[in-house]
Amino acid sequence: AGEETSSERENMVESLMRAMRLAWLDLIYWTRMYLMSVDSGSGDQQEIEERMLQAADEITDVFANHLSITTTRQLRNLLTEHVELTGDLIRTQKAGNMENYDALIKEWYGNANQLASLLGDINPYFSGRETRNMLLNYLDMTRESIEQQLNGEYGMSIDTFRDLKKQVLEMADYFGRGLLAR
């Protein structure tokens, strides 16, 4: 019976880590697709933004089994706000409205700080600077990719997105380990 328990635990760990990675990858890929849609003026922007919001729900769902209902709601609200702000940033940057863009950037980074605080409050594993730094690095790279794309620096945007993918996988693994360490 001990072997089954160990095997079940390994399967649970593997499942959690895979789900966390896929959820975060979905978020960055749908964000990228939204960026491309806004940049090209495509008519599918609303549908893609709705799918970005689903990705935020997928991330929340991975965390949900390890959180209280109240904390899960708070996380869902913060991740939904993150996605909405990301969409606003992309549209505002595309429109060239830099005054609103700068205000949105502050709000976006404030949202990440709230997310880091929430995670740190619920789990000692997330209470250090590493959580905040990972989230801020994720925003920095996302912002850089958006700005490069909308400035016509396509090769640089693609390279930054490649680096963002690596960073998001590291972040997903970090979150998965933190949930398992709880």
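All values reported here derive from a predicted model rather than from experimental measurement.

(A) Molecular detail of empty space enclosed by the protein. What the rule picks out here adds up to two cavities of 30 Å³ or more. Estimates place the volume of the largest cavity at around 50 Å³. What lines the largest cavity is simply Ile28, Thr31, Arg32, Leu35, Thr142, Ser145, Ile146, Phe161 and Leu164. At four residues, the largest contribution of residues to the lining of the largest cavity is made by helix H1 (residues 2-40). Taken as a whole, the second largest cavity holds about 40 Å³ of empty space. Taken together, Trp24, Leu79, His82, Asn111, Ala112, Leu115, Leu135, Tyr138 and Leu139 form the lining of the second largest cavity.

(B) View of helix H2 (residues 45-64). Between its first and last C-alpha, H2 extends 29 Å over 20 residues, near the 28 Å set by a 1.5 Å rise per residue. All of the buried residues along H2 are Ile48, Glu49, Arg51, Met52, Ala55, Ala56, Ile59, Thr60, Val62 and Phe63.

(C) Fine view of the pattern of salt bridges. Applying the stated rule across the entire model yields 12 salt bridges. Arg21 is paired through a salt bridge with Asp173; the nearest N and O atoms lie 2.7 Å apart. Here the residue Arg21 occupies a position in helix H1, and Asp173 occupies one in helix H6 (residues 154-181), the gap between them amounting to 152 residues. Taking the shortest distance from any N to any O, the salt bridge between Arg76 and Asp57 comes out at 3.0 Å.

(D) Local environment of the environment of Ile146. Among the structural elements, Ile146 can be located in helix H5 (residues 129-150). The exposure class of Ile146 is buried, given its relative accessible area of 4%. In sequence terms Ile146 and Asp173 are 27 residues apart; their C-alpha atoms lie 24 Å from each other. In this structure Ile146 touches Leu35, Thr86 and Ile90, once residues within four positions along its chain are discounted.

(E) Structural context of the nonpolar core. Among the nonpolar cores identified, the biggest contains 53 residues, and Trp24, Phe63, Tyr138 and Phe175 are the most heavily contacted of them. Contributions of two or more residues to this core are made by H1, H2, helix H3 (69-95), helix H4 (98-122), H5 and H6. Setting aside chain neighbours within four positions, we find Trp24 in contact with Ile59, Leu79, Tyr138, Val168, Met171, Ala172 and Phe175.

(F) The arrangement of the side chain of Gln167 in detail. Looking at where Gln167 falls in the secondary structure, it is placed in helix H6. Here Gln167 falls in the buried class, since its relative accessible area comes to 6%. In this structure Gln167 touches Met134, Asn137, Tyr138 and Met141, once residues within four positions along its chain are discounted.

(G) A look at the packing of aromatic side chains. For the structure on display, the rule yields 10 aromatic pairs. Taken together, a centroid distance of 5.6 Å and an interplanar angle of 85 degrees make the contact between Tyr125 and Phe126 edge-to-face. With a relative accessible area of 31%, Tyr125 lands in the partly exposed category. Residue Phe126 is classed as buried on the basis of its relative accessible area, which comes to 1%. Among the aromatic residues, those joined into a ring-pair cluster are Trp24, Phe63, Tyr125, Phe126, Tyr138, Tyr174 and Phe175.

Thresholds applied
- Residue positions are counted from 1 within each chain, in the order its sequence is given.
- For this predicted model, a pLDDT threshold of at least 70 governs which residues receive local features, and a threshold of 80 or more governs which side-chain atom pairs are given and counted, while totals over whole chains, interfaces and linings are taken from all residues.
- The basis for every side-chain value is the complete set of heavy atoms in the structure, and neither hydrogens nor water enter the calculation.
- Cavities and pockets are found on a 1 Å grid laid over the protein atoms alone: a cavity is a set of points where a 1.4 Å probe fits but cannot escape, a pocket is an open set with protein on both sides within 12 Å along at least five of seven lines, and a lining residue has an atom within 4 Å of such a point.
- Grid points are joined across faces, edges and corners, and a volume is the space filled by probe spheres set on the points.
- Numbering of helices and strands starts at the N terminus; helices are DSSP runs of H or I of at least 4 residues and strands are runs of E of at least 2.
- A helix is expected to span 1.5 Å multiplied by its residue count minus one.
- Burial classes: relative accessible area under 20% of the type maximum marks a residue as buried, over 50% as exposed, and values in between as partly exposed (1.4 Å probe, protein chains only).
- Whenever a carboxyl oxygen of Asp or Glu lies within 4 Å of a side-chain nitrogen of Lys or Arg, that contact is scored as a salt bridge.
- Every residue pair with non-hydrogen atoms within 4.5 Å of one another is taken to be in contact.
- We define the nonpolar core as a collection of buried residues of types Ala, Val, Leu, Ile, Met, Phe, Trp, Tyr and Cys that are connected through side-chain atoms lying within 4.5 Å of one another.
- The rule is short: rings of Phe, Tyr and Trp, with Trp giving its six-membered ring, pair when the centres are within 6.5 Å, and they are stacked under 30 degrees, edge-to-face over 60, tilted in between.

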